[in-house]
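Chain residues, written in single-letter form:
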Amino acid sequence: MLVRRILFPLLLLLGACSVAPAPQEAALPGVEGARLFKAKGCTTCHTIGEGVKVGPDLQGLFSRRDEAWIRRYIADPVAMVEQDPIARELKAQYKIQMPKMMISPVEMDQLLAYLREAGTPTKP
Ligand code: HEC
């Protein structure tokens, strides 16, 4: 009887836990984006909030550029220098050309989620 009284609620509890599994970390776009930011080599040239490296500090990126521009830029920075005055200015300032990085559409979404999260200072 005692076993039943303890074991049964315990089993119920375990059941409730498995119904609502914790979200998989890797499935969150920002987390995957953080991994890509390193894996794709962005960290060779960029920091977020630690100053200029080879290229600009990406802190506050979303407050100085709009999302469509950021997407176009990361997708093909070389073409952007030919078409876009901001890209041309950056190139003139940093002297070296950011290479085209081969980012798939899914990876682009994940990278942008990360850049938005990590590059936007949290409100006090
Ligand atoms: C070889 C160095 C290098 C690598 C690798 C690199 N970048 Fe860049 N990036 C630059 C430079 C330099 C600039 C400034 C523009 C220029 O000179 O081409 C820049 C500019 C940018 C900008 C525009 C910043 C602004 O202030 O508007 C973004 C966004 C950006 N890079 C994102 C990325 C991402 C994301 C990756 C990885 C997928 C990456 N970069 C990889 C060198 C690099």
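Look a little higher up for the structure.
Basis of the calculations
- Residues numbered from 1 in each chain as written.
- Predicted model: local features only at pLDDT ≥ 70, side-chain atom pairs only at ≥ 80, totals over all residues.
- Helix = DSSP H or I, 4+ residues; strand = E, 2+ residues; numbered from the N terminus.
- Buried ≥ 20, exposed ≤ 12 C-beta atoms within 10 Å, placed from the backbone.
- Contact = placed C-beta atoms within 7 Å.
- Near = placed C-beta within 6 Å.
- Nonpolar A, V, L, I, M, F, W, Y, C, P; charged D, E, K, R; others polar.
- Core = buried A, V, L, I, M, F, W, Y, C linked by C-beta atoms within 7 Å.
- Axes fitted to C-alpha atoms, helices over the stretch in contact; angles between N-to-C directions.
- Parallel < 35°, antiparallel > 145°, perpendicular 65-115°, else oblique.
- Left-handed = near helix turned anticlockwise from the far one by under 90°.
- Arc of directions from axis to C-beta.

### Observations regarding the overall build of the chain
Move 1: The helix and strand tally for the chain stands at 8 helices and 0 strands.
Move 2: Start at the N end of the chain and walk to the C end: the helices and strands fall as α-α-α-α-α-α-α-α.
Move 3: Going through the 124 residues of the chain one by one, you find that 13% of them count as buried.
Move 4: For the chain, the proportion of contacts with a sequence separation of at least 24, taken over those separated by at least 6, is 57%.

### A word on the site of the ligand
Move 1: Residues in contact with the ligand amount to 26 residues; listed here are only the nearest, Cys 42, Cys 45, Gly 55, Tyr 94 and Met 98.
Move 2: Of all elements in the fold, only helix H3 (42-45), helix H5 (67-75) and helix H7 (85-94) reach the threshold of two or more residues within the shell around the ligand.
Move 3: In the shell around the ligand, the residues fall into 18 nonpolar, 5 polar and 3 charged.

### Brief notes about the nonpolar core
Move 1: Formed by Leu 36, Leu 58, Leu 61, Ile 74, Leu 111, Leu 112, Tyr 114 and Leu 115, the largest nonpolar core amounts to 8 residues.
Move 2: Filtering out sequence-adjacent residues up to four positions away, Leu 58 remains in contact with His 46, Ile 48, Leu 115 and Gly 119.

### As for unusual backbone geometry
Move 1: Phi at Lys 95 takes a positive value of approximately 70°, unusual for a residue other than glycine.
Move 2: Secondary-structure assignment places Lys 95 in the loop between H7 and helix H8 (105-119).

### A short note on the packing of H5 against H8
Move 1: Across the interface, H5 lies against H8 with an axial gap of 11 Å and an inter-helix angle of 125°. Relative to H8, the element H5 lies oblique. The handedness of the crossing between H5 and H8 comes out as right-handed. Contacts between H5 and H8 pair Glu 67, Ile 70, Arg 71, Ile 74 and Ala 75 from the former with Met 108, Leu 111 and Leu 112 from the latter.
Move 2: Split by residue class, the contact of H5 with H8 holds 6 nonpolar, no polar and 2 charged.

### Quick notes on the environment of Ala 75
Move 1: Here Ala 75 is to be found in helix H5.
Move 2: The spatial distance from the C-alpha of Ala 75 to the C-alpha of Pro 105 is 9.0 Å, given a sequence separation of 30 residues.
Move 3: Setting aside residues up to four positions removed in sequence, Ala 75 forms contacts with Ile 103 and Met 108.

### A closer look at helix H2 (residues 29-39)
Move 1: Within the span of H2, buried status applies to Glu 32, Gly 33 and Leu 36. Buried residues in H2, looked at end-on, bunch into an arc of 105°, giving them a common side.
Move 2: In the core, the buried residues of H2 are packed alongside H8.
Move 3: At the exit of H2 stands Gly 41, carrying a positive phi of roughly 90°.

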